[in-house]
Amino acid sequence: MISDTARRRTLLRFSAAEFLFFAFGSLLSYQTVFLKDTLGLSSAEIGSLTAGCAVISLAFIPLWGVLSDKLRSARVVFGLCMAGAAAATLLFSFLGAGLPAAPALIFLLLLLKYLFQQPTNSLLDGWAISELAPHGVTYSRVRVWGSVGFAFFCLLLGLTVGKVLSVRTAFRLCAALGLALAAWTFAQRGGAASGGEAKPGLRDFLRLLKNKKFLMYLLFSIGPNIFVGVTLVYFPYVLELAGVSTDRIGIFTGLRSGIEVLTMLVLLTLLSQRVSAGYLVALPGLFGGLEHLLYGSAPGMAPIFVSMTLSGLAGGVFYGMGPAYIHSIVPAALQNTAQTLAAFVTTLVAVGGSFLGGRLISRFGILALTRGCGAVMLALSALFLLSQALWRTPFFPGKKA
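The structure contained in this document is the topic of the report that follows. Residue positions are counted from 1 within each chain, in the order its sequence is given. Totals for whole chains, interfaces and linings use all residues, but because this is a predicted model, local features are given only for residues with pLDDT of at least 70 and pairs of side-chain atoms are given and counted only at 80 or more. Only hydrogens and water are set aside; all other atoms, that is, all heavy atoms of the structure, feed into the side-chain values.

**Here we look at the overall build of the protein chain**
Then, number 1: Helix and strand assignments come from DSSP, with helices taken as H or I runs of at least 4 residues and strands as E runs of at least 2, each series counted from the N terminus. When its secondary structure is counted, the protein chain shows 19 helices and zero strands.
Then, number 2: For the protein chain, whose C-alpha radius of gyration is 20 Å, the value lies close to the compact-globule estimate of 21 Å for 401 residues.
Then, number 3: Any two residues having at least one pair of non-hydrogen atoms within 4.5 Å are treated as being in contact. Looking at the protein chain alone, contacts between residues at least 24 apart form 87% of all its contacts between residues at least 6 apart.
Then, number 4: Surface summary for the protein chain: the accessible area is close to 16200 Å², and the carbon and sulfur share equals 70%. Radius of gyration: over C-alpha atoms. The globule rule applied is 2.2 Å multiplied by the number of residues raised to the 0.38 power. Methods summary: accessible areas were calculated by the Shrake-Rupley approach with a probe of 1.4 Å, and residue burial reflects only the protein chains presented.

Dropping the structure here:
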């Protein structure tokens, strides 16, 4: 029987890991600012560059998951990827200041950053859930601290970049957080699958690809992934349209994470025991669709704050429920592979969105991108809800369909 002390220690460990991981990830808000304002790239160049890096890293994401399942430890692979992503971020900060800002070098360093960083979220999910579940701790209880870390550092960067800190310094600060997290990860124990389970083989992987609920969730997850994979890449253009300084981007993404925290603490607590997960996980697409349709509705900061509130609601449900939903519908031996396939979808969205997004902005403007994304998110949500109804998923837990 697991003691309360062991449960609290596990909760504390992963809460700290989530905080540091998403504090490191807060830098994503400033990647386009760095490429656009510091290195002088156009929207089409940014789109081609990020799409090229994402499409190459796309092929590696399932391999990270398979390696994790083969090694029977998401922790080890997460630590390796975290160290690589942080080191690439640190080197990236020296472009144009110590390192030549040559197109080939920009591409190489950004590619290394993508190769290592893309699978880290799903690997941390797999590691955390595998250790939290035996202790009876729900994933959202630790994931909420990721949103706290993201919100805190986004607000910190939003209030200091351009005034106290340069964008380069922000990159170096977050790189230090990433390296610290990697070192902490390697110092931990555990994170291995149960020794009684056989290592997954090709037949198990094919069985995963025949899981209709898992495949439908992967299709649906294209929508909620649009914010990070597409919108955040071009968010400086949203701010420019509204007449807001791009240096303030951290304030808006920080607000979004603050709403995520409240959503995980309040909304999910109220609804998760009353509504089946199959219906709850559709909410991010609905909230996100409305968010994207509202961009550009009026100038100034107020409409963006409204959109960020909707985005925070979407993120809170998606990040709080998504990994646990996958865990509930996928065999234990394939958990890490399933989580990294979810990351594969995130990268796939980034590939298409980054490449097409820059061209849409150049030709039709930012509103063509945001409103198109909103329509896609609403359509995928409707399809996912229809699938739950057709599969006779009970709306209320505990009741037979």
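**Topic: the side chain of Thr 231**
Then, number 1: Tracing the sequence through the fold places Thr 231 in helix 12 (residues 226–231).
Then, number 2: Among the polar contacts listed, one links the side chain of Thr 231 to the side chain of His 292, at a separation of 2.5 Å.
Then, number 3: Those residues in contact with Thr 231, other than ones at most four positions away along the chain, are Ile 226, His 292 and Tyr 295. Polar contacts, as counted here, are pairs of nitrogen or oxygen atoms within 3.5 Å of one another; within protein the pair requires one atom able to donate a hydrogen and one able to accept it, and residues that are adjacent in sequence qualify only if both atoms are side-chain atoms.

**Thoughts on the pattern of salt bridges**
Where charged atoms from two side chains of opposite charge come close, those side chains can pair.
Then, number 1: Just to be clear on terms, a salt bridge is a Lys or Arg side-chain nitrogen sitting within 4 Å of an Asp or Glu carboxyl oxygen. Tallied over the full model, the rule gives four salt bridges.
Then, number 2: Here Lys 36 and Asp 37 are joined by a salt bridge, their closest N and O atoms 3.3 Å apart.
Then, number 3: On the basis of relative accessibility, which here comes to 18%, the residue Lys 36 falls in the buried class.
Then, number 4: The exposure class of Asp 37 is partly exposed, given its relative accessible area of 43%. Think of it in three bands: with a 1.4 Å probe and only protein chains considered, a residue is buried below 20% of the maximum accessible area for its type, exposed above 50%, and partly exposed in between.

**Thoughts on the nonpolar core**
Then, number 1: Counting residues in hydrophobic clusters, the biggest one holds 106 residues, and the most contacted among them are Phe 92, Phe 214 and Phe 235.
Then, number 2: Tallying contributions element by element places helix 17 (residues 301–329) first for this core, with nine residues.
Then, number 3: When sequence neighbours within four positions are dropped, the list of residues in contact with Phe 235 reads Ile 249, Phe 252, Tyr 295, Ile 304 and Met 308. In this description, a nonpolar core means a group of buried Ala, Val, Leu, Ile, Met, Phe, Trp, Tyr and Cys residues linked to one another through side-chain atoms lying within 4.5 Å.

**Things to note about the environment of Arg 371**
Then, number 1: Structurally, Arg 371 is set in helix 19 (residues 366–390).
Then, number 2: A C-alpha to C-alpha distance of 9.2 Å links Arg 371 and Leu 290, two positions 81 residues apart in sequence.
Then, number 3: Setting aside residues up to four positions removed in sequence, Arg 371 forms contacts with His 292, Leu 293, Tyr 295 and Gly 296.

**Quick look at helix 16 (residues 283–294)**
Then, number 1: To estimate how far a helix should extend, the number of its residues minus one is multiplied by 1.5 Å. The end-to-end C-alpha distance of helix 16 is 17 Å, a good match for the 16 Å that 12 residues give at a rise of 1.5 Å each.
Then, number 2: Taken residue by residue, helix 16 has Pro 284, Gly 285, Gly 288, Gly 289, Glu 291 and His 292 as its buried positions. End-on view of helix 16: buried residues confined to an arc of 160 degrees, all on one side of the axis.
Then, number 3: On its buried face, helix 16 sits against helix 11 (212–220), helix 12, helix 15 (277–280), helix 17 and helix 19.
Then, number 4: Once helix 16 finishes, Gly 296 follows within two positions and takes phi at roughly 80 degrees, a positive value. Here the arc refers to the set of directions running from the helix axis out to each C-beta atom.

Taken by themselves, the reported measurements are silent on function.
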